[in-house]
Amino acid sequence: MKTISSFSQVKFFKSIASALVMLLFALFMVPFLMVIINSAKTSKEIIFNAIALPDKWSQLFINVKLIFTNPTDRKSVV
Amino acid sequence: MKRNRIVNIVFLAPCVFAFIMNIIIPFGFGLYYSMTDWNGVNPNVNFVGINNFRNLFSAPDFIYSFLITILYTAINIVLVNAVSFMLSLIVTSKFKFRNFLRAGFFIPYLIGGIVLGYIWQFIFNNALVAIGQNLSIGFLKSSLLGKPNTVIWIMSLVNTWQYSGYIMLIYVAAIQGIPASLMEAAEVDGAGFFTRTFRILIPMMANAFTISLFLTLTTSFKQFDMNFTLTNGGPATRFMDMPIKASQLLAMNIFNTATANRMAEAQAKAVILFVALVVIALVQVAANKKKEVEL
């Protein structure tokens, strides 16, 4: 009985540790998530809705297109 | 024998030439200019001896930058190495996604300091402020980068986020170099996780700690790019009854002095930065090497 109890206790602590590790990993990834979300926003949206999701995800394609059509950006990319 | 000597000289010559041209001569020029009144433009250069150095020790902005750089370095040494060691324990454990995590924790190191400075500036100036205002969290209602007493901690946090994945890899290599049989034997003998970590793992990783502490110390002491984009030295504060920039580290102080056409003064500051860094790094390496032998 004691063995089963200690076994489940170990399992419990392992689950807690796993959850904490995944939380730490998520925190590490927050800046990248912000970059991805903001890349699909207009400048106005970024300023006024800093933490909101983009109104239209299609804005991402418009922003990417801008990189290749704006002469200054295109030169930097190349 | 003589032929071998000639071959050695021929092979060594390009490296020695590059070293002299890129390191020794610029360093000599730098040392010379630190003892002149050169402003970077005027062709008339006058020798002023150690006047530039003497003036620096009464300049509040330089003293403050020097002290804040030491504080920033000390915080980073502790934070980066503690987090990296913890991460290395995670990614060398039997955790299911350990390889995925290893790659994930390393990614921040791949981003340049300029880009990550702007990303974190947005997070602290916009995203966290929006969260603070929406959820009425007092200390987040205004930017943490705008407060003189929190800005250095925030910079250290960002630096930890960037470098811990890199330092983690050094610790991972050291952990993997320790024979598994040793850890298993300790486990069989009844040693718990903490006993194994502090009595076996850490002493056997002493050389990894020497390298990691050295890397953290030197990169923190020379920090510029992230400082430039994240805070640009701000906010303003007072030191020795003078207004100064609260987060202006030594490298940025040198940059600002040089771009203000005070080249000789900037060069004197750079010489002091170099000497301080060499002395501190040598002391750290010597202390760690001594500890390695003891362990």
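None of the values given here were measured: they were computed from a predicted structure.

**Some points on the overall build of chain B**
Here is step 1: Scanning chain B for helices and strands turns up 12 helices and 2 strands.
Here is step 2: Across its three principal axes, chain B shows a C-alpha extent of roughly 80 × 75 × 30 Å.
Here is step 3: Residues counted as buried form 42% of the 295 residues belonging to chain B.
Here is step 4: For chain B, the proportion of contacts with a sequence separation of at least 24, taken over those separated by at least 6, is 71%.
Here is step 5: Roughly 16,200 Å² of accessible area belongs to chain B as shown, and the carbon and sulfur atoms make up 68% of that amount.
Here is step 6: Of note, chain B has its 20 positive side-chain charges centred 5 Å away from the centre of its 10 negative side-chain charges.

**Structural notes on the pairing of strand E1 (residues 236-239) of chain B**
Residues and elements named next belong to chain B.
Here is step 1: Inspection of the sheet shows E1 paired to strand E2 (residues 242-245) by 4 bridges, in the antiparallel sense. Bridge assignment links arginine 238 to a residue of E2, and that residue is proline 243.
Here is step 2: Turn length for the E1-E2 hairpin, with the two strands adjacent in sequence and antiparallel, is 2 residues, and the turn residue methionine 240 shows positive phi of about 50°.

**Looking at the packing of helix H7 (residues 180-188) of chain B against helix H8 (residues 193-204) of chain B**
All names here are of chain B.
Here is step 1: Where H7 meets H8, the axes come as close as 11 Å, and the angle between the chain directions of the two elements is 165°. It follows that H7 is roughly antiparallel to H8 by the angle criterion. Between H7 and H8 lies a crossing whose hand is right-handed. Mapping the contact onto sequence places Leu182, Met183, Ala186 and Glu187 in H7 and Arg196, Ile200, Leu201 and Met204 in H8.
Here is step 2: Of the residues that constitute the contact of H7 with H8, the class distribution is 6 nonpolar, no polar and 2 charged.

**Considering the pattern of salt bridges**
All names here are of chain B.
Here is step 1: Counted under the stated rule, the structure contains 4 salt bridges over all chains.
Here is step 2: Its salt-bridge partner being lysine 269, residue aspartate 61 comes within 3.7 Å of it at the nearest N-O pair. Of this pair, aspartate 61 sits in helix H3 (residues 60-91) while lysine 269 sits in helix H12 (residues 263-294), placing them 208 residues apart in sequence.
Here is step 3: The exposure class assigned to aspartate 61 is partly exposed, which follows from its relative accessible area of 24%.
Here is step 4: For lysine 269, a relative accessible area of 0% puts it in the buried group.
Here is step 5: The partner of lysine 269 in a salt bridge is glutamate 265, with the nearest N and O atoms 3.8 Å apart. In this pair, lysine 269 and glutamate 265 are both assigned in helix H12, 4 residues apart and thus about one turn of the helix distant.
Here is step 6: Classification of glutamate 265 by relative accessible area gives partly exposed; the value is 21%.

**Thoughts on the confidence of the model for chain B**
Here is step 1: For chain B, per-residue confidence averages 92 on the pLDDT scale, and residues scoring 70 or more make up 99% of the total.
Here is step 2: What the predictor reports for the complex is a pTM of 0.89 with an ipTM of 0.82.

**Observations concerning the side chain of B:Ser88**
All names here are of chain B.
Here is step 1: Position of serine 88 among the secondary structure elements: in helix H3.
Here is step 2: Look at serine 88 and you get buried, because its relative accessible area is 0%.
Here is step 3: Among the polar contacts listed, one links the side chain of serine 88 to the backbone oxygen of phenylalanine 85, at a separation of 2.6 Å.
Here is step 4: Other than its neighbours up to four places away in sequence, serine 88 contacts Met168, Tyr171, Val172 and Ile175.

**Remarks on a nonpolar patch on the surface**
Here is step 1: Taken together, the side chains of B:Leu12, B:Val16, B:Phe17, B:Phe19, B:Ile20, B:Met21, B:Ile23, B:Ile24, B:Ile25, B:Phe29, B:Tyr32 and B:Phe47 define a hydrophobic patch exposed on the protein surface, amounting to about 1,200 Å² of accessible area.
Here is step 2: Classification of B:Leu12 by relative accessible area gives exposed; the value is 54%.

**Topic: the interface of chain B and chain A**
Here is step 1: With 23 residues of chain B in contact, the opposing surface of chain A contributes 15 residues.
Here is step 2: Interface area, chain B with chain A, both sides summed: about 1,700 Å², of which 91% is carbon and sulfur.
Here is step 3: Between chain B and chain A we count 0 salt bridges in total.
Here is step 4: Linking chain B to chain A there are 1 residue pair in polar contact (both at pLDDT 80 or more).
Here is step 5: For the side of chain B that touches chain A, the secondary-structure elements that each account for two or more residues are H3, helix H4 (98-110), helix H5 (113-134) and helix H6 (151-176) of chain B.
Here is step 6: When residues in the side of chain B that touches chain A are grouped by element, the largest group, 9 residues, is from H5(B).
Here is step 7: Classifying every residue of the side of chain B that touches chain A gives 19 nonpolar, 4 polar and no charged.

**Focus on the nonpolar core**
When a protein is soluble and globular, its nonpolar side chains tend to lie buried together.
Here is step 1: With 42 residues, the main nonpolar core has B:Leu101, B:Phe105, B:Trp120 and B:Ile152 as its most contacted residues.
Here is step 2: Elements with a minimum of two residues in this core: helix H1 (2-38) of chain A together with H3, H4, H5, H6 and helix H10 (225-230) of chain B.
Here is step 3: With residues up to four places along the chain from it excluded, the contact list for B:Phe105 reads A:Leu24, A:Phe25, A:Phe28, B:Leu87, B:Val91, B:Gly165 and B:Met168.

Reading the values: the criteria
Every chain is numbered independently, its residues counted from 1 as its sequence is written. For this description, chains carry letters from A and ligands carry numbers from 1, given in the order in which they are written. Note on the predicted model: pLDDT of at least 70 is required for a residue's local features to be given, and 80 or more for side-chain atom pairs to be given and counted; whole-chain, interface and lining totals, by contrast, use all residues. Side-chain numbers here rest on the full set of heavy atoms in the structure, without hydrogens or water. The numbering of helices and of strands both runs from the N terminus, where a helix is a DSSP run of H or I of at least 4 residues and a strand a run of E of at least 2. Burial status follows relative accessibility: with a 1.4 Å probe on protein chains alone, a residue under 20% of its type maximum counts as buried, one over 50% as exposed, and anything between as partly exposed. The contact definition used throughout considers only heavy atoms, calling two residues in contact when any of these lie within 4.5 Å. Working definition of accessibility: Shrake-Rupley area with a 1.4 Å probe, residue cover restricted to the visible protein chains. Two residue types count as positive, namely Lys and Arg, and two as negative, namely Asp and Glu; His and chain ends fall outside the count. A charged residue contributes its charge at one atom only: NZ of Lys, CZ of Arg, CG of Asp or CD of Glu. Criterion used throughout: strands pair if DSSP finds at least two bridges between them. Axis definition: a line fit to C-alpha positions, over the contact stretch in the case of helices; interaxial angles, taken between N-to-C directions, run 0 to 180 degrees. Each angle receives one of four descriptions, namely roughly parallel if under 35 degrees, roughly antiparallel if over 145, roughly perpendicular if within 65 to 115, and oblique otherwise. Left-handed is the label given to a crossing in which the near helix is rotated counterclockwise from the far helix by less than a right angle, and right-handed is the label when the rotation is clockwise. Residue polarity follows a fixed list, in which Ala, Val, Leu, Ile, Met, Phe, Trp, Tyr, Cys and Pro are nonpolar, Asp, Glu, Lys and Arg are charged, and the others, Gly among them, are polar. Put simply, a salt bridge is a Lys or Arg side-chain nitrogen that is within 4 Å of an Asp or Glu carboxyl oxygen. The score called pLDDT rates the predictor's confidence residue by residue, from a low of 0 to a high of 100. Residues adjacent in sequence count toward polar contacts only when both atoms are side-chain atoms; beyond that, a polar contact is any pair of N or O atoms within 3.5 Å, and within protein one must be able to donate a hydrogen and the other to accept it. Nonpolar side chains (Val, Leu, Ile, Met, Phe, Trp, Tyr) within 5 Å and like charges within 9 Å form the patches, drawn only from residues with over 30% relative accessible area and no salt bridge. Accessible area that two parts lose when put together, evaluated with a 1.4 Å probe and summed over both, is termed the buried area. By convention a nonpolar core is built from buried Ala, Val, Leu, Ile, Met, Phe, Trp, Tyr and Cys residues, the set being connected through side-chain atoms within 4.5 Å.

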